[in-house]
Amino acid sequence: MIIYSDMDVKESHDLTIDSINEYLTGGVTEHTLSAIYVAVYNKFWSLALDLDDEDETEEMAENAREWNALMKKLEGHILAIMREENISIEEEEQAALGIFLDRNGYRSAGGWWFPGK
């Protein structure tokens, strides 16, 4: 997966938690926030699925927890935008995230997010 943004193009496997946090400090557009969220969401869930393997280590679990924390941080930014627009999110945060990602060109399929309608 490639993150296409107004700032840069990076392969998601090249992204680190530190590089994403640094990227966010400069302020990003809604589209870039969506692209980063999709990459982080998909990365977290790919790591989380590996945790069921017999060869799971504490290092793998810690890595998944760190990506989950970043995903939750990004969700907070997205939900704050939705609140500013008076879009009701109190009952269903996942629906609000879906609205945000959809309007920025992403779709959900099989539990993963992809670019395109």
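First, a word on scope: everything that follows refers to the structure included in this document. In this text, all values refer to a predicted model and were calculated from it rather than measured experimentally. (Residues numbered from 1 in each chain as written. Predicted model: local features only at pLDDT ≥ 70, side-chain atom pairs only at ≥ 80, totals over all residues. Heavy atoms only, no water.)

A look at the overall build of the chain
Now for step 1: Each helix and strand counted, the chain has 4 helices and 4 strands in total.
Now for step 2: Mapped in sequence order, the helices and strands of the chain form the string β-β-α-α-α-α-β-β.
Now for step 3: Every one of the 117 residues in the chain was classed for burial, and the buried ones make up 34%.
Now for step 4: In the chain, 50% of the contacts between residues at least 6 apart in sequence involve partners at least 24 apart.
Now for step 5: In the form shown here, the chain has an accessible surface area of approximately 6,900 Å², with 51% of it arising from carbon and sulfur atoms. (Helix = DSSP H or I, 4+ residues; strand = E, 2+ residues; numbered from the N terminus. Buried < 20%, exposed > 50% of the residue type's maximum accessible area, 1.4 Å probe, protein only. Contact = heavy atoms within 4.5 Å. Areas by Shrake-Rupley, 256 points an atom, 1.4 Å probe, with all protein chains shown as cover.)

Observations concerning the pattern of salt bridges
Now for step 1: Scanning the model with the defined rule gives 5 salt bridges in all.
Now for step 2: The closest approach of N and O atoms between Glu30 and Arg103, which form a salt bridge, is 2.8 Å. Of this pair, Glu30 sits in helix H2 (residues 30–50) while Arg103 is found in helix H4 (residues 93–103), placing the two residues 73 residues apart along the sequence.
Now for step 3: Here Arg103 falls in the partly exposed class, since its relative accessible area comes to 35%.
Now for step 4: In this structure, the salt-bridge partner of Arg65 is Glu62, at a minimum N-O distance of 3.0 Å. (Salt bridge = Lys/Arg side-chain N within 4 Å of Asp/Glu carboxyl O.)

Describing the nonpolar core
Now for step 1: Ranked by internal contacts, the top residues of the largest apolar core, which has 31 residues, are Ile20, Tyr37, Val40, Trp67 and Leu74.
Now for step 2: Elements that contribute at least two residues to this core include exactly helix H1 (17–25), H2, helix H3 (58–84) and H4.
Now for step 3: Contact partners of Ile20, with chain neighbours within four places excluded, come to Leu15, Ile36, Val40, Trp67 and Leu70. (Core = buried A, V, L, I, M, F, W, Y, C linked by side-chain atoms within 4.5 Å.)

Notes on the packing of aromatic side chains
Now for step 1: Tallied over the full model, the rule gives 3 aromatic pairs.
Now for step 2: For the pair Tyr37 and Tyr41, a centre-to-centre distance of 5.9 Å together with 40° between the ring planes defines the contact as tilted. Taken together, the residues span about one helical turn, with Tyr37 and Tyr41 both in helix H2 at a distance of 4 residues. The residues Tyr37 and Tyr41 share a single accessibility class, namely buried.
Now for step 3: Ring pairing ties together the aromatic residues Tyr37, Tyr41, Phe44 and Trp45, which thus form one cluster. (Phe/Tyr/Trp six-rings, centres within 6.5 Å; stacked < 30°, edge-to-face > 60°.)

A closer look at the packing of H2 against H4
Now for step 1: Close contact between H2 and H4 brings their axes to 9 Å; oriented N to C, the two are set at 115°. The handedness of the crossing between H2 and H4 comes out as left-handed. Counting all contacts with H2, which are made through Glu30, Leu33, Ser34, Tyr37 and Val38, the residues of H4 involved are Leu97, Phe100, Leu101 and Arg103.
Now for step 2: Taken together, the residues that form the contact of H2 with H4 break down as 6 nonpolar, 1 polar and 2 charged. (Axes fitted to C-alpha atoms, helices over the stretch in contact; angles between N-to-C directions. Left-handed = near helix turned anticlockwise from the far one by under 90°. Nonpolar A, V, L, I, M, F, W, Y, C, P; charged D, E, K, R; others polar.)

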